[in-house]
Amino acid sequence: MTSSADPARIPRHIAIVMDGNGRWAKLRHRPRTFGHNAGRKAVRDVVEGCLRQGVKVLTLFAFSSENWQRPQEEVGALMELFLRALDKEVDELHSNEVRLRFVGDLSAFDNGMRQRMTAAMARTAGNDALHLNVAMNYGGRWDIVQAARKAAESVARGELRAEEIDEALLGHWMSLADLPPLDLFIRTGGECRVSNFLLWQLAYAELHFTDTLWPDFDQACLRSAIEDYARRERRFGRTGEQVAQR
Ligand code: FPP
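The rules behind these values
- Residues numbered from 1 in each chain as written.
- Predicted model: local features only at pLDDT ≥ 70, side-chain atom pairs only at ≥ 80, totals over all residues.
- Heavy atoms only, no water.
- UniProt positions renumbered as here; feature names shortened; annotations may be inferred.
- Polar contact = N/O pair within 3.5 Å; in protein donor to acceptor, adjacent residues only side chain to side chain.
- Helix = DSSP H or I, 4+ residues; strand = E, 2+ residues; numbered from the N terminus.
- Contact = heavy atoms within 4.5 Å.
- Disulfide = S-S within 2.5 Å.
- Near = heavy atom within 4 Å.
- Areas by Shrake-Rupley, 256 points an atom, 1.4 Å probe, with all protein chains shown as cover.
- Nonpolar A, V, L, I, M, F, W, Y, C, P; charged D, E, K, R; others polar.

Heading Sequence similarities (unreviewed entry) of the UniProt record for the protein chain holds this comment: "Belongs to the UPP synthase family." Of the comments in the UniProt record for the protein chain, the one headed Catalytic activity (unreviewed entry) reads "8 isopentenyl diphosphate + (2E,6E)-farnesyl diphosphate = di-trans,octa-cis-undecaprenyl diphosphate + 8 diphosphate".

Set out below in structure tokens:
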């Protein structure tokens, strides 16, 4: 199966807020964790879809800095699920030449989990077919703050003058700065909000919201989001006529 969208219009970088696991489970009279487990299968399918369609970067919001506020039992079950996924999926990701990276404030996770994350990142570091970023304990405001802190530290060390800090320089310290800019943001589950994901990186991304609950989101849904993106005119502040001339 290949993409029906013009290859020149395939987004290079897609980010997804995978929402709706809990409601998907509730509809089936099952606990929320049942939905998260089903969500893991959707992750596998979408990774495969990105590989097939030539998407270079996929960034998934797996656990936000606000998700710690969920019932302790659910947080524990999610951590278990992430560990299981790390143990089970890394071989296949590696054989598909996927580079896995975790983004966010990883200091909040216990040593064991951090070591497994670091090992998975190191093992897949040489891969280039798809860059899969999993945002864990991530918040868009946190990302801006950590970049600002690095800039301030650089000023304090005398390496930089405050007036030299501009968008390009600050952007260099944001998460994912070494990857292609975000083209397409997808949120499943019917809510039309960004929920503190990739705030800086979203500046010129196209937004796609769908009612589909995350466990039902599959390669066909990904294709239709990409086709929707391919129909958009990206102007980056220019007029439609200017864009047509380029
Ligand atoms: C949001 O749905 C989903 C999450 C907070 C967890 C996302 C985790 C997965 C999809 C599991 C697999 C992930 C990886 C990277 C292996 P929700 O619980 O807020 O759903 P609701 O809005 O219906 O309650």
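(A) Layout of the UniProt feature "binding site: Mg(2+)" (unreviewed entry) in the protein chain. When the UniProt feature table is mapped onto this chain numbering, "binding site: Mg(2+)" (unreviewed entry) sits at D19 and E206. Polar side-chain contacts of D19 include one of 3.3 Å to the side chain of R23. As for its position among the elements, E206 is in strand 6 (residues 206-209). Those residues in contact with E206 that lie beyond four places of it in its chain are D183, L184, F185, Y229, R232, E233 and R234.

(B) View of the state of the cysteines. By the definition in use, this model includes zero disulfides. Residue C50 stays outside any disulfide, its sulfur separated by 13 Å from that of C221, the closest cysteine.

(C) Summary view of the site of the ligand. Taken together, 18 residues lie near the ligand, and D19, G22, R23, R32 and R70 sit nearest. Here an oxygen atom of the ligand sits 2.9 Å away from a polar atom, N or O, in the side chain of D19. Within the backbone of N21, one N or O atom sits 3.1 Å away from an oxygen atom of the ligand. Protein contact buries 89% of the 620 Å² of open area that the ligand shows by itself. Elements represented by at least two residues in the shell around the ligand include exactly helix 1 (21-27), helix 2 (32-53) and helix 3 (72-95). Residues of the shell around the ligand, tallied by class, amount to eight nonpolar, five polar and five charged.

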